[in-house]
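Secondary and tertiary structure notes
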Amino acid sequence: MWKFLNGTNKKEVNDVSVKIDMNNIPVHIAIIMDGNGRWAKQKNLPRTLGHKAGVETLKKIVRECSDIGVKYLTVYAFSTENWKRPKDEVSGLMKLLVEYLKNELNELNENNVIIRTIGNIYKLPKPCIDILNESIEDTKNNSGLVLNLALNYGGRYEILRAVKNIFNDYEKGLISDEDMRNLDDNKFEEYLYTKGIPDPDVIIRPSGEQRLSNFLLWQCAYSEFWYSNINWPDFSINDLHKAISDYQNRDRRFGGVNNGENK
Ligand code: FPP
């Protein structure tokens, strides 16, 4: 059970009404943390306060995923397109990232969480790169939930980067002509940021939007999508349970047919 070092809303934990099957917990959940701006606007607050509230939701969802045995949680924290936002908002998001890791690192470590990233973090401001590298190093020997932060991440960029790196390795003679001709999914995936991580079982997008926005384009081939109208700052543990429960009732065939219908 997660150790509550920082004040956690225990009432909310007790208010969870949607039951989930603990024997069928998704291995990998991915979340597009959308609706922070709208949440702030509805309250006449600056957008940055919406993101700040979004971080509070992230903290509780990380705790819950860890508690129920999710192995990978990938969250879309900053996309390759988010640089187009006003400068203040971008710098506010970068500050929140640094604060989050500074404040939470002990607790994440206590709870065995492993921090990883996808995306080109080396284009982020230096304080972000430093704290990310420190957090990755500090948590790399933990054995619990992998919290995978998508930062300066874009699915198209990731795929193009993989193609370029495969070609570079081919030119260097690290990939043979024959391996190049036989290039398959497994080999290609070794060149993605998500190397070694199973594809997401379920992708959650709150806030009423029903699109992927350049998130995990390769990896989503057989993911189950789950949408809700709730803005991310209001997303509760119960909403997470609803998403998991719906996922548990989906019929995943991966392009095949149901068991027993194979003949
Ligand atoms: C989308 O909401 C959200 C983002 C672009 C950023 C998400 C970031 C956080 C929740 C906090 C930072 C992350 C970490 C890991 C500390 P939006 O702004 O597009 O909302 P809107 O569509 O309502 O305007």
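These lines cover the structure that appears in this document, whether it is placed above or below. (Residues numbered from 1 in each chain as written. Predicted model: local features only at pLDDT ≥ 70, side-chain atom pairs only at ≥ 80, totals over all residues. Heavy atoms only, no water.)

1. Let's talk about the nonpolar core
- In this structure, Ile29, Ile31, Leu73, Leu124, Leu147, Leu149 and Ile204 are the most contacted members of the largest nonpolar core, which totals 45 residues.
- Counting residues per element, the ones that place at least two in this core are β1 (28-32), α3 (47-68), β2 (72-79), α4 (87-110), α5 (126-139), β4 (146-153), β5 (202-205) and α9 (237-248).
- Counting residues per element, this core draws most heavily on α4, which supplies 9 residues.
- Setting aside its immediate chain neighbours within four residues, Leu149 contacts Val75, Leu97, Leu101, Ile115, Arg116, Thr117, Ile118 and Leu132.
- In terms of nonpolar packing, the next biggest core, distinct from the first, is built from 12 residues, Ala150, Tyr153, Tyr193 and Ile203 among them. (Core = buried A, V, L, I, M, F, W, Y, C linked by side-chain atoms within 4.5 Å. Buried < 20%, exposed > 50% of the residue type's maximum accessible area, 1.4 Å probe, protein only. Helix = DSSP H or I, 4+ residues; strand = E, 2+ residues; numbered from the N terminus. Contact = heavy atoms within 4.5 Å.)

2. Here we look at the sheet that holds β4
- Read from one edge of the open sheet, 6 strands run β3-β4-β2-β1-β5-β6, paired in parallel fashion. Two strands bound the open sheet, and with one partner strand each, they are β3 (114-118) and β6 (224-227). Neighbour-to-neighbour, the strand axes of this sheet turn through a mean angle of 20 degrees, independent of strand direction.
- Across 5 bridges, β1 lies against β2 in parallel orientation. (Pairing = 2+ DSSP bridges. Axes fitted to C-alpha atoms, helices over the stretch in contact; angles between N-to-C directions.)

3. Quick word on the packing of α4 against α5
- Orientation of α4 relative to α5, taken along the N-to-C sense of each, is 20 degrees, at an axis distance of 9 Å. In terms of their interaxial angle, α4 and α5 are classed as roughly parallel. In this structure, α4 meets α5 at a crossing whose hand is left-handed. Residues Met94, Leu97, Val98, Leu101, Lys102, Leu105 and Asn109 of α4 touch α5, and the partners they reach there are Pro127, Cys128, Ile131, Leu132, Glu134, Ser135, Asp138 and Thr139.
- Among the residues forming the contact of α4 with α5, the class breakdown is 9 nonpolar, 3 polar and 3 charged. (Parallel < 35°, antiparallel > 145°, perpendicular 65-115°, else oblique. Left-handed = near helix turned anticlockwise from the far one by under 90°. Nonpolar A, V, L, I, M, F, W, Y, C, P; charged D, E, K, R; others polar.)

4. Some details on the site of the ligand
- Taken together, 19 residues form the shell around the ligand, and within it Gly37, Arg38, Arg47, His51 and Arg85 come nearest.
- Taking Asn36, its main chain carries an N or O atom lying 3.2 Å from an oxygen atom of the ligand.
- Note that an oxygen atom of the ligand is positioned 2.7 Å from one of the backbone N or O atoms of Arg38.
- For the ligand, the accessible surface in isolation is 630 Å², of which the surrounding protein chains cover 91%.
- Of all the secondary-structure elements, those providing two or more residues to the shell around the ligand are α2 (36-42), α3 and α4.
- Examining the composition of the shell around the ligand, we find that 5 residues originate from one element, α3, more than from any other.
- Tallied by class, residues from the shell around the ligand come to 9 nonpolar, 6 polar and 4 charged. (Near = heavy atom within 4 Å. Polar contact = N/O pair within 3.5 Å; in protein donor to acceptor, adjacent residues only side chain to side chain. Areas by Shrake-Rupley, 256 points an atom, 1.4 Å probe, with all protein chains shown as cover.)

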